[in-house]
Amino acid sequence: MKPTISIHYALSSARMSVVGMRVLIVGGGGREHAIAIGLSSSPSVASIHTSPGNAGTRSLGTNHDIGSSDIDGLVGLSIEIQADLVVVGPEAPLVLGLADKLRDNGIPCFGPHSGGAMLEGSKLHAKKTMLELGVPTGSCQVIKDVEDIPKFLDSFHSPWVIKRDVLAGGKGVTVTSDRIAAEHALSSALEEDGIVLMEEQMDAKDYYGAVTTIAKALSARAFLVSNQLQTLAPSRR
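Structure report, in brief.

Reading the values: rules and limits
- Residues numbered from 1 in each chain as written.
- Predicted model: local features only at pLDDT ≥ 70, side-chain atom pairs only at ≥ 80, totals over all residues.
- Heavy atoms only, no water.
- Helix = DSSP H or I, 4+ residues; strand = E, 2+ residues; numbered from the N terminus.
- Contact = heavy atoms within 4.5 Å.
- Areas by Shrake-Rupley, 256 points an atom, 1.4 Å probe, with all protein chains shown as cover.
- Axes fitted to C-alpha atoms, helices over the stretch in contact; angles between N-to-C directions.
- Parallel < 35°, antiparallel > 145°, perpendicular 65-115°, else oblique.
- Nonpolar A, V, L, I, M, F, W, Y, C, P; charged D, E, K, R; others polar.
- Pairing = 2+ DSSP bridges.
- Salt bridge = Lys/Arg side-chain N within 4 Å of Asp/Glu carboxyl O.
- Buried < 20%, exposed > 50% of the residue type's maximum accessible area, 1.4 Å probe, protein only.
- Arc of directions from axis to C-beta.

1. Focus on the overall build of the protein chain
Here is step 1 of the chain: Looking only at helices and strands, the protein chain features nine helices and 13 strands.
Here is step 2 of the chain: Long-range pairs, those at least 24 residues apart, make up 56% of the contacts in the protein chain between residues at least 6 apart in sequence.
Here is step 3 of the chain: For the protein chain, the exposed area adds up to about 13900 Å²; of that, 54% sits on carbon and sulfur atoms.

The following block contains the structure:
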């Protein structure tokens, strides 16, 4: 079954109808190109703007030279082009409050407010939220001092799961049974961020899934499950 996108669930009905929409996509990677391709096939969309975009998005609309972390610049651009909807690809602008500021200006945004985005922006915040809500999760220790590394490595069984408490472009987690590699990952994270998490290793499948749900009033609509496959070792490619 082909996935479907219902723009209606992301819009304020008081603001506009879903015909002749001007859509701004924030980001400049392959994900944003794919979003642009999908939106370009919608009869509800009249024009697509992307900032900063790439060669692929340029062929589908207009690119703008405003970085995805320039929150004020993106809000100003949305107002200038009279965007009816802003779709945000990267996590960083959401953590910085782009969705909040857009909604403050009456512009619908596909993306969570900054508080919701912090579930991705901070591993510690996500862990605390799961514990508060009773979501099953592994035990965890917060490390702030490099001298505590040996003690925590001894207290957790191998393989060690090490997580940076920042947005790291999908590269913030190290899972290793090599103690030297674990020590390096922990010390590097402490040097860069001043804090690092060591978490209990939990058995799971080789992939994880994500379900995107759009909620409006008392109704909700779930999209198809997506997953991201990771290379476990060069010999298993």
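2. Considerations on the packing of helix α6 (residues 114–121) against helix α7 (residues 123–133)
Here is step 1 of the chain: Close contact between α6 and α7 brings their axes to 6 Å; oriented N to C, the two are set at 105°. When the axes of α6 and α7 are compared, the pair comes out roughly perpendicular. For the pair formed by α6 and α7, the contact residues are Gly115, Met118, Leu119, Glu120 and Gly121 on the first element and Lys123, His125, Ala126 and Thr129 on the second.
Here is step 2 of the chain: For the contact of α6 with α7, the class distribution of residues is three nonpolar, four polar and two charged.

3. Description of the sheet that holds strand β4 (residues 85–88)
Here is step 1 of the chain: Here we have five strands laid out as an open sheet, ordered β3-β2-β1-β4-β5, and parallel in their pairing. On the outer flanks of this sheet lie β3 (62–63) and β5 (109–110), each paired with one strand and no other.
Here is step 2 of the chain: Strand direction decides the pairing type here: β4 and β5, joined by two bridges, are parallel. In the strand pairing of β5, Val87 is matched with Phe110.
Here is step 3 of the chain: The strands touched by helix α1 (residues 30–40) within the sheet are β1 (21–27), β2 (45–52) and β4, with β1 carrying the most contacts at an inclination of about 170°.
Here is step 4 of the chain: Contacts from helix α3 (residues 71–80) reach β1, β2 and β4 within the one sheet, and its direction differs from that of β1 by about 165°.

4. Topic: the pattern of salt bridges
Note on pairing: side chains with opposite charge can pair once their charged atoms come close.
Here is step 1 of the chain: By the definition in use, this model includes ten salt bridges.
Here is step 2 of the chain: Ionic pairing is found between Arg31 and Glu32, a salt bridge with its closest N-O pair at 3.1 Å.
Here is step 3 of the chain: Its salt-bridge partner being Arg164, residue Asp193 comes within 2.8 Å of it at the nearest N-O pair. With Asp193 in helix α9 (residues 179–193) and Arg164 in strand β7 (residues 160–164), this pair connects stretches of sequence that are 29 residues apart.
Here is step 4 of the chain: Arg164 gets classed as partly exposed once you look at its relative accessible area, which sits at 21%.
Here is step 5 of the chain: What emerges from the salt-bridge pattern is a single network uniting Lys127, Lys163 and Glu199.

5. Some points on the pairing of β4
Here is step 1 of the chain: Neither face of β4 is left uncovered, since the one carrying Leu85 and Val87 and the one carrying Val86 and Val88 both have all their residues buried.
Here is step 2 of the chain: Two elements, β1 and β4, share four bridges in a ladder whose sense is parallel. Of the residues in β4, the one forming a bridge with Leu24 is Val86.

6. A few points about α1
Within an α-helix, residues lying three or four positions from one another point in the same direction, as the helix has 3.6 residues per turn.
Here is step 1 of the chain: For α1, the set of buried residues is Glu32, Ala36 and Leu39. Viewed end-on, α1 has its buried residues packed into an arc of 70°, placing them on one side of the element.
Here is step 2 of the chain: Contact partners of the buried residues in α1: β1, β2, α2 (55–58) and β4.

7. Points about unusual backbone geometry
Here is step 1 of the chain: Residue Pro52 is bonded to the preceding Ser51 through a cis peptide linkage, with omega at 0°.
Here is step 2 of the chain: In this fold, Pro52 is placed in strand β2.
Here is step 3 of the chain: The phi angle at Gln82 is positive, at roughly 55°, despite the residue not being glycine.
Here is step 4 of the chain: In this structure, Gln82 sits in the loop between α3 and β4.

8. So, the sheet that holds β7
Here is step 1 of the chain: Strand order in this open sheet of four strands is β6-β9-β7-β8, and the pairing throughout is antiparallel. Both edges of this open sheet fall to β6 (140–143) and β8 (173–176), since each of them pairs with a single strand only. On average, adjacent strands in this sheet sit at an angle of 20° to one another, irrespective of strand direction.
Here is step 2 of the chain: Pairing of β6 with strand β9 (residues 196–199), which is carried by four bridges, proceeds in the antiparallel orientation. Counterpart to Val142 in the pairing with β9 is Leu197.
Here is step 3 of the chain: Taken strand by strand, α7 contacts β6, β7, β8 and β9, and its axis lies near 45° from that of β9.
Here is step 4 of the chain: Across the sheet, α9 lies against β6, β7, β8 and β9, angled at about 15° from β7, the strand it touches most.

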